[in-house]
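Analysis of the macromolecular model
In case you want the letters, here they are:
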Amino acid sequence: MDPETMVHENCTNPATHQQYSWTLGDKLKKTAKSELREDASLRTQSLEQMREWIAKSTHIKKCRTDALFLLRFLRTKKYSIPQACAMLEKYLMIRQTNPAWFQRLDIEDPELEAIIDGGYIVPLPERDDHGRQVILSVAGNLDLTRVSSALLARVHILVQEVLADDEQSQICGYTHCFDERDLSMKLMGLWSLVDIKKAADCIQNGVPSRINSFNMIGLPSTAATLLEFCVSLLSDKLRKRFNLFRTIDDFATKTNRKILPKEYGGVVPMADMIAQFKERCRAKRAQLLAMDELYIELSKAPGHCADSCRRDLEAGMIGSFRKLEVD
């Protein structure tokens, strides 16, 4: 495991961090600038300010403070320091209060591995025409006798965490595709209203990810009410990113079909895509297990991180970059 990405005690000397190096090329540099306001100066200042905020926040006991981790939050929030800090605090809190969802993200766990092997969820190896990471989920590939809502949430979080440090995905975002043609009442019944509300809160407030679209394929009419309820829990911005497609062919007209699994008219068989993703999981295994050490003292968490961070910035208590624009 890269020492830079280890979880460690609260960072009291941000200057010891390795210097960030851009490796993504000019095209993505332009995308980052136009969509996120990101340039070298803003990135450097923002990383320093987030590290200083973490060091100042005595309730944050153990955290990653490497650039790839902090850039998850900065890029999701388009370099609003208060909002990025608030999301980081929320992320630490939901991880700690929902261990059944967020901990033991281990590809060698037989239950998780069985779901991945079955083809329920797989990130596609090739990106779409906008450079986005595409994640395909297939309801019909689940063995419903062996799963629970907590286990399904954990496998989704596993996928998210394996992909989260990829910088192109941080910049260009994600497209989620759900093949719901075989969605059953039994599968829908696994999720309680509490589970659904918790998942919506995680998506919106706690898990850093630039989700560009949710594509629902072949959703049965019996699931329309559930979908309507789920979407109602999301912000207007995310609601507008839901797309319904009657068939795979309808969906294929909106994407590059070649990147889809061979079973969907693409080139690469699903089994090969699964094998490639499992290799990524194994390469990240030590890092993912170390993330279980993240720790925030919940009783001392202020709960108003964005406001307190903004006040500190304005007062000059974090860094010396008071002219840095925040949204």
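The preceding data block contains the structure.
Reference entry: report on the structure contained in this document. (Residues numbered from 1 in each chain as written. Predicted model: local features only at pLDDT ≥ 70, side-chain atom pairs only at ≥ 80, totals over all residues. Heavy atoms only, no water.)

1. Looking at the packing of aromatic side chains
Quick note on the threshold: Two aromatic rings from Phe, Tyr or Trp, using only the six-membered ring of Trp, form a pair when their centres are within 6.5 Å; if the ring planes differ by under 30 degrees the pair is stacked, by over 60 it is edge-to-face, and anything between is tilted. Secondary structure elements are taken from DSSP: a helix is a run of H or I of four residues or more, a strand is a run of E of two residues or more, and numbering for both begins at the N terminus. Three exposure classes are used, based on accessible area relative to the maximum for each residue type with a 1.4 Å probe and protein chains only: buried under 20%, partly exposed in between, and exposed over 50%. Two conditions define a charge sitting above a ring: the NZ of Lys or the CZ of Arg must be within 6 Å of the ring centre, and it must be within 35 degrees of the ring normal.
Within this structure, the stated rule accounts for six aromatic pairs. Between F69 and F73, the ring centres sit 5.2 Å apart and the planes meet at 70°, which makes this aromatic pair edge-to-face. A residue pair is termed a helical-turn pair when its members lie 3 or 4 positions apart in one helix, as F69 and F73 do in helix α3 (residues 67-76) at four residues. Given a relative accessible area of 0%, F73 falls into the buried group. Where F214 meets F242, the ring centres are 4.5 Å apart and the plane angle is 15°; that geometry is what we call stacked. With a gap of 28 residues between them, F214 in strand β6 (residues 211-217) and F242 in strand β7 (residues 242-245) connect regions that are remote in the sequence. Among the aromatic residues, those joined into a ring-pair cluster are F69, F73 and Y91. Sitting over the ring of W101, K198 keeps its end group 4.7 Å from the ring centre.

2. A closer look at the pattern of salt bridges
The test is simple: Take a side-chain nitrogen of Lys or Arg and a carboxyl oxygen of Asp or Glu: if they are within 4 Å of each other, that pair is a salt bridge.
Counted under the stated rule, the structure contains 25 salt bridges. Residues D179 and R181 are paired through a salt bridge, measuring 2.8 Å at the closest nitrogen-oxygen approach. Of the residues examined, R181 reaches a relative accessible area of 46% and is grouped as partly exposed. Salt bridges sharing common partners tie together R64, D66, R72, R95, E161, D165, K284 and D292.

3. Notes on the sheet that holds strand β4 (residues 133-138)
Here is the rule we go by: In this analysis, strands are considered paired if DSSP registers two or more bridges between them. In this analysis, axes come from line fits to C-alpha atoms, helices being fitted only over the stretch in contact, and the angle between any two N-to-C directions falls in the range 0 to 180 degrees. Residue contacts are defined here by distance: any two heavy atoms, one from each residue, within 4.5 Å place the two residues in contact.
Read across the open sheet, the five strands follow the order β3-β4-β5-β6-β7; overall the sheet is mixed. The sheet terminates laterally at β3 (121-123) and β7, the two strands that pair on one side only. Strand-to-strand, the axes of this sheet are offset by a mean angle of 15°, without reference to chain direction. Sheet topology note: the β6/β7 ladder contains four bridges and is parallel. Counted as the bridge partner of M216 is L244 from β7. Docked against the sheet, helix α14 (residues 270-290) engages β3 and β4, running at close to 75° with respect to β3.

4. Examining the pairing of β6
Walk down a regular strand and you will see the side chains alternate between the two sheet faces. Among the seven residues of β6, seven are classified as buried, and the element is accordingly described as predominantly covered. Pairing geometry for strand β5 (residues 174-179) and β6, over six bridges, is parallel. Paired with Y174 across the two strands is I211, which belongs to β6.

5. Thoughts on the environment of P123
With respect to the helices, strands and loops of the structure, P123 is situated in strand β3. According to the relative accessible area criterion, P123 is buried, its value standing at 5%. As a C-alpha pair, P123 and F277 span 154 residues in sequence and 7.0 Å in three-dimensional space. Here P123 is in contact with Q133, V134, I135, V159, L163 and F277, once residues within four sequence places are set aside.

Shape descriptors only; they carry no functional weight alone.
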